[in-house]
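Letter by letter, the chains look like this.
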Amino acid sequence: MTVEHHLKDHDLRVTDIRKRIYEYLVDLDTAVSHAELEMVFSNDFDRVTIYRTLNTFLDKGILHKIPTDTGSAKYALCKDHCTTEEHIDDHVHFKCSKCEKVVCLHDLEIPNVKLPENFKANNAVLMYEGLCDKCS
Ligand SMILES: [Zn+2]
Ligand SMILES: [Zn+2]
Ligand SMILES: [Zn+2]
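Every value quoted in this text rests on a predicted model; they were computed, and no experiment measured them.

Here is what the cut-offs are and how they apply
Residues numbered from 1 in each chain as written. Chains lettered and ligands numbered in written order. Predicted model: local features only at pLDDT ≥ 70, side-chain atom pairs only at ≥ 80, totals over all residues. Heavy atoms only, no water. Patch = residues over 30% accessible without salt bridge, like charges linked within 9 Å, V, L, I, M, F, W, Y side chains within 5 Å. Areas by Shrake-Rupley, 256 points an atom, 1.4 Å probe, with all protein chains shown as cover. Salt bridge = Lys/Arg side-chain N within 4 Å of Asp/Glu carboxyl O. Helix = DSSP H or I, 4+ residues; strand = E, 2+ residues; numbered from the N terminus. Buried < 20%, exposed > 50% of the residue type's maximum accessible area, 1.4 Å probe, protein only. 1 Å grid on protein atoms, 1.4 Å probe; cavity = no way out; pocket = protein on both sides within 12 Å on 5 of 7 lines; lining within 4 Å. Points joined across faces, edges and corners; volume = space filled by probe spheres on them. Nonpolar A, V, L, I, M, F, W, Y, C, P; charged D, E, K, R; others polar. Donors = N, O, S within 2.8 Å, 3.2 Å for Na, K, Ca; no water. Tetrahedral: all angles 85-135°; square planar, octahedral: opposite > 155°, others 65-115°. Pairing = 2+ DSSP bridges.

### Considerations on a nonpolar patch on the surface
Link 1 in the chain: On the surface, Val 113, Leu 115 and Phe 119 cluster together into a nonpolar patch covering about 310 Å² of accessible area.
Link 2 in the chain: Inspection of the secondary structure puts Val 113 in the loop between strand E5 (102-109) and strand E6 (127-130).
Link 3 in the chain: Val 113 sits in the exposed class, given a relative accessible area of 60%.

Below you can see the structure in the form of structure tokens.
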């Protein structure tokens, strides 16, 4: 599927910045923060536009947000099953303590824990930390 198709598939009009950020994330294969994107695209787009694009992508099931312990969230591409109606990002994340990258481990599902009675979860985050394949 081309970038244009993918964006349209998620109810999005194709704009230059959407295309550029999407292509950047596909090639990158790790999660990025807003600040990192800003550094990459600051010559071409202002920070508000970048921020808006991130939020639109979150909204439309293109990106998911990964909370980190540094306080600045990271964003990574969703798999195809996320839609404009619903995100299903129930996979494990990994943070490398050496190169500090955060990656999605899409094949590893977060195990289903049994919550206490009357607790209903609608989201779960599981972050492993250690050394990634490049650093270990
Ligand atoms: Zn998602
Ligand atoms: Zn690493
Ligand atoms: Zn992820």
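### A look at the layout of surface pockets
Take a probe with the size of a water molecule and roll it over the atoms, and the empty space left behind shows itself.
Link 1 in the chain: Taken as a whole, the largest pocket encloses approximately 680 Å³ of empty space.
Link 2 in the chain: Lining the largest pocket are 23 residues, with Asp 90, Ile 110, Asn 123, Ala 124 and Val 125 sitting closest to its centre.
Link 3 in the chain: Looking at the lining of the largest pocket, the elements that each hand over two or more residues are strand E2 (63-66) and strand E4 (91-96).
Link 4 in the chain: Broken down by element, the residue count for the lining of the largest pocket peaks at three residues, all from E2.
Link 5 in the chain: Here the residues of the lining of the largest pocket are counted per class, giving twelve nonpolar, seven polar and four charged.
Link 6 in the chain: For the second largest pocket, the lining is made up of 16 residues, of which Asp 29, Leu 77, Cys 78, Lys 79 and His 106 are closest to its centre.
Link 7 in the chain: Elements with a contribution of two residues or more to the lining of the second largest pocket: helix H2 (16-28), strand E3 (74-77) and E5.

### Observations regarding the pattern of salt bridges
Link 1 in the chain: Counted under the stated rule, the structure contains six salt bridges.
Link 2 in the chain: Of the charged contacts, one joins Asp 44 and Arg 20 as a salt bridge, the two residues approaching to 2.8 Å between their closest N and O atoms. Linking Asp 44 in the loop between helix H3 (34-41) and helix H4 (47-59) with Arg 20 in helix H2, this pair joins segments that are 24 residues apart in sequence.
Link 3 in the chain: Taking relative accessible area as the criterion, Arg 20 reaches 30% and is therefore assigned partly exposed.

### Digging into the coordination of the zinc ion (ligand 2)
Link 1 in the chain: Taken together, the protein donors to the zinc ion (ligand 2) comprise Cys 96 (SG), Cys 99 (SG), Cys 132 (SG) and Cys 135 (SG), at separations of 2.3 Å.
Link 2 in the chain: Relative to the metal, the four donor atoms surrounding the zinc ion (ligand 2) lie at angles of 105 to 115°, and the coordination shape comes out tetrahedral.

### Describing the pairing of E4
Link 1 in the chain: The buried fraction of E4 is high, at six of six residues.
Link 2 in the chain: Bridging between E4 and E5 involves five bridges; their strand directions are antiparallel. Within E5, the position partnered with Phe 94 by the bridge is Val 103.
Link 3 in the chain: Once E4 ends, the chain turns through five residues before running back antiparallel as E5, passing Glu 100 with a positive phi of about 65°.

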